[in-house]
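Architecture and fold: a report
Given next are the chains, with one letter for each unit.
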Amino acid sequence: MKKFTLISGLALSLLASSSLFAAEQTLRIGIEAAYPPFASKNDKGEIVGFDYDIGNALCAQMKVKCQWNEVEFDGLIPSLKVKKIDAALSSMTITDDRKKSVDFTHKYYFTSSRFVMKKGAVIDDQYESLKGKTIGVQRSTTTDRYATEVLEPKGVKIARYSNNEEIYMDLASGRVDAIFADTIPLDDFLSMPRGADYAFVGPELKDPKYVGEGAGIAVKKGNTELVTQLNNAIDAIRANGEYQKIQSKYFKTDIYGD
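A brief structural summary. Keep in mind that this is a model prediction, so the values were computed, not measured.

To continue, consider the environment of Lys84. For Lys84, the position within the fold is in the loop between α3 (76–81) and β5 (87–93). For Lys84, a relative accessible area of 58% gives the class exposed. When the C-alpha atoms of Lys84 and Asn69 are compared, they prove to be 9.1 Å apart, with 15 residues separating the residues in sequence. If near-sequence neighbours (up to four positions away) are discounted, Lys84 is found in contact with Arg28 and Ser79.

It is worth spelling out the packing of helix α2 (residues 50–62) against helix α10 (residues 242–250) at this point. Look at α2 against α10: their axes get within 10 Å of each other, and the N-to-C directions meet at 165 degrees. If you check the angle between α2 and α10, you find them roughly antiparallel. Between α2 and α10 lies a crossing whose hand is right-handed. Contacts between α2 and α10 involve Phe50, Asp53, Ile54 and Ala57 on the former and, on the latter, Glu242, Tyr243, Ile246, Gln247, Lys249 and Tyr250.

Taken residue by residue, a regular strand's side chains alternate between the two faces of the sheet. Burial within strand β10 (residues 178–182) is extensive, with five of its five residues counted as buried. As defined by bridge partners, strand β7 (residues 113–118) adjoins β10 across four bridges and the pair is classed as antiparallel. Its bridge partner lying in β10, Phe115 is registered against Phe180. Where strand β8 (residues 134–138) and β10 come together, two bridges link them in parallel fashion. Looking at β10, one finds that Ile135 is bridged to Ala178.

About the criteria used
Residues numbered from 1 in each chain as written. Predicted model: local features only at pLDDT ≥ 70, side-chain atom pairs only at ≥ 80, totals over all residues. Heavy atoms only, no water. Helix = DSSP H or I, 4+ residues; strand = E, 2+ residues; numbered from the N terminus. Buried < 20%, exposed > 50% of the residue type's maximum accessible area, 1.4 Å probe, protein only. Contact = heavy atoms within 4.5 Å. Axes fitted to C-alpha atoms, helices over the stretch in contact; angles between N-to-C directions. Parallel < 35°, antiparallel > 145°, perpendicular 65-115°, else oblique. Left-handed = near helix turned anticlockwise from the far one by under 90°. Pairing = 2+ DSSP bridges.

Any functional reading would require information beyond the geometric quantities listed.
Next up, the structure:
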C-alpha cells in the first residue's frame with residue numbers, strides 16, 4: 001500500500017512538473033539576425049523575419065515563453081553545447097556532419113544553393129570560368145563546406161564572412177566577384193533595388209551531401225524530449241494553417257518542399 005501511495009505521489013508530482021513545464025518554461029532560442037527574409041532587424045532594432053515568426057508560433061503552440069538570443073551563425077552550435085541556448089532556430093541546414101554535434105528536429109523548410117553575379121556573367125558546370133575569381137560565402141555554412149571541398153581545389157578564391165549582408169556590400173564594391181548562398185535569401189536580395197544589377201548564374205546545387213535535408217531546429221545532443229516537442233509543434237502549426245499564414249508574409253511559393 002505504501003509503495004502504491006509512493007508511486008501515485010510520484011506520478012502526481014511528475015504530472016505537476018509537466019504542467020509547470022508547459023505553463024512557465026522559457027525556451028532560449030539562438031538566432032542570427034542578419035539573414036533576411038528569415039531574420040533581420042527593422043528600423044526599431046527589433047528582430048523580424050520568417051524564422052523569428054516561426055519560432056514565436058512554435059513557442060505559442062508549446063505554451064512556453066520565447067527568449068531570443070542573438071548569436072552569430074558560427075557560434076550557434078558552440079552555444080548549444082555549453083547550454084547558453086536551448087535551441088538554434090536560424091535556417092540551419094540538417095547535415096550528417098552537424099548531426100555529430102547536435103540533434104535536429106525534422107525540417108521546417110528547404111532550399112537549394114546558387115551563385116549570384118553581375119548580369120551577363122556565365123558559369124560552366126565544372127566551374128572552370130571561376131578560376132582566379134573570388135567567391136563570398138558565409139562561414140560555417142553548407143555553402144562554405146562546398147566551396148572548401150569543390151571550388152578551392154579548382155583554383156577559386158574563397159572569402160568567408162560572418163553573414164550575407166557583409167558579402168552583399170563587398171559584392172557591390174567589387175571585392176568579391178560572386179556570392180554563393182542559399183537560393184531563398186538570394187532571391188530576396190535580387191528582388192530589391194540593390195540587387196538590380198545581379199542575377200542567378202550557373203547550376204543550382206541540390207546535392208543532399210551539401211544542401212542536406214532542409215533547415216531544422218538544432219538542440220543539444222541527447223535532448224530528445226525537446227526535439228519531440230518541437231517536431232509536434234511544427235506538425236501542429238502546419239496542420240492548423242499558422243505555418244502557411246507566416247510563409248505567405250515572406251514568400252510567394254511553398255518553401256517547405258516535398
